[in-house]
Amino acid sequence: MIPFLKKYWIFLLIALIGINYAGFYLLKELIGISDVLEHVESEHVIRKLKQKDFLYTLFVDAVLILDFSLILLLLFVAGRKIVQLIIKK
């Protein structure tokens, strides 16, 4: 897997940026949906908006989990490198 990452890291970085951009866009949409839900009276529209809200929330949560796991992975790799440097000295 590491050779794959070394070869295609730029494409993975672009994909990660795109996923984060989509997550922030959907987060903005969630704010709009919450505002509209306060003023809507039709049960059908409320149900539809709540379904949209649920799906958008799932995607935003998945993006946050992906980001935090990537941060933890980078911290782990950096810590491992630091420990290897300390042991070599």
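My aim in this report is to walk through the structure given alongside it, one point at a time. These figures come from a predicted structure and were not determined experimentally. (Residues numbered from 1 in each chain as written. Predicted model: local features only at pLDDT ≥ 70, side-chain atom pairs only at ≥ 80, totals over all residues. Heavy atoms only, no water.)

**Comments concerning the overall build of the protein chain**
For clarity, the cut-off: Runs of E in the DSSP output that reach at least two residues are strands. Runs of H or I that reach at least four are helices, and both are numbered from the N terminus. Both definitions apply: the radius of gyration is a C-alpha atom measure, and the globule rule equals 2.2 Å times residues to the power 0.38. Only protein chains enter the accessibility calculation, which uses a 1.4 Å probe; a residue is then buried when its area is under 20% of its type maximum, exposed when over 50%, and partly exposed in between.
Looking only at helices and strands, one finds two helices and zero strands in the protein chain. Taken over the C-alpha trace, the protein chain has a radius of gyration of 20 Å; the compact-globule value for 89 residues is 12 Å, which it surpasses by more than 25%. Dimensions of the protein chain, computed from C-alpha atoms along their principal axes, come out at roughly 70 × 25 × 15 Å. Taking all 89 residues of the protein chain together, the buried fraction comes to 11%.

**A closer look at the environment of Lys89**
Locating Lys89 in the fold gives a position in the segment after helix 2 (43–88). Placed 67 residues apart in sequence, Lys89 and Ala22 show a C-alpha to C-alpha distance of 45 Å.

**Structural notes on a nonpolar patch on the surface**
Put simply, the rule reads: Patch building starts from residues that exceed 30% relative accessible area and form no salt bridge, then joins like charges within 9 Å and nonpolar side chains (Val, Leu, Ile, Met, Phe, Trp, Tyr) within 5 Å. All accessible areas in this document rest on Shrake-Rupley with a 1.4 Å probe, and a residue is counted as covered only by the protein chains that are shown. Any Lys or Arg side-chain nitrogen found within 4 Å of a carboxyl oxygen on Asp or Glu counts as a salt bridge.
Where nonpolar side chains cluster on the molecular surface, the patch consists of Phe4, Leu5, Tyr8, Trp9, Ile10, Phe11, Leu12, Leu13, Ile14 and Ile17 and spans about 980 Å² of accessible area. When you line up the elements, Phe4 lands in helix 1 (residues 2–39). Residue classification places Phe4 among the partly exposed residues on the basis of a relative accessible area of 47%.

**Thoughts on a positive patch on the surface**
Quick note on the threshold: In this tally Asp and Glu are treated as negative and Lys and Arg as positive; neither His nor the chain ends contributes. A charged residue contributes its charge at one atom only: NZ of Lys, CZ of Arg, CG of Asp or CD of Glu.
There is a patch of like positive charges on the surface, built from Lys6, Arg80, Lys81 and Lys88. No other element matches the three residues that helix 2 contributes to the positive patch. Position of Arg80 among the secondary structure elements: in helix 2.

**Let's talk about the side chain of Asn20**
Note the threshold: For this analysis, a polar contact is any N or O atom pair within 3.5 Å, provided that within protein one partner can donate a hydrogen and the other can accept it, and provided that sequence-adjacent residues contribute only side-chain to side-chain pairs. Contact criterion: two residues are considered in contact whenever any of their non-hydrogen atoms come within 4.5 Å of each other.
Considering the arrangement of structural elements, one finds Asn20 in helix 1. Here the side chain of Asn20 touches Asp67 through a polar contact of 3.4 Å, side chain to side chain. Ignoring any residue separated from it by four or fewer positions in sequence, one finds Asn20 in contact with Val63 and Asp67.

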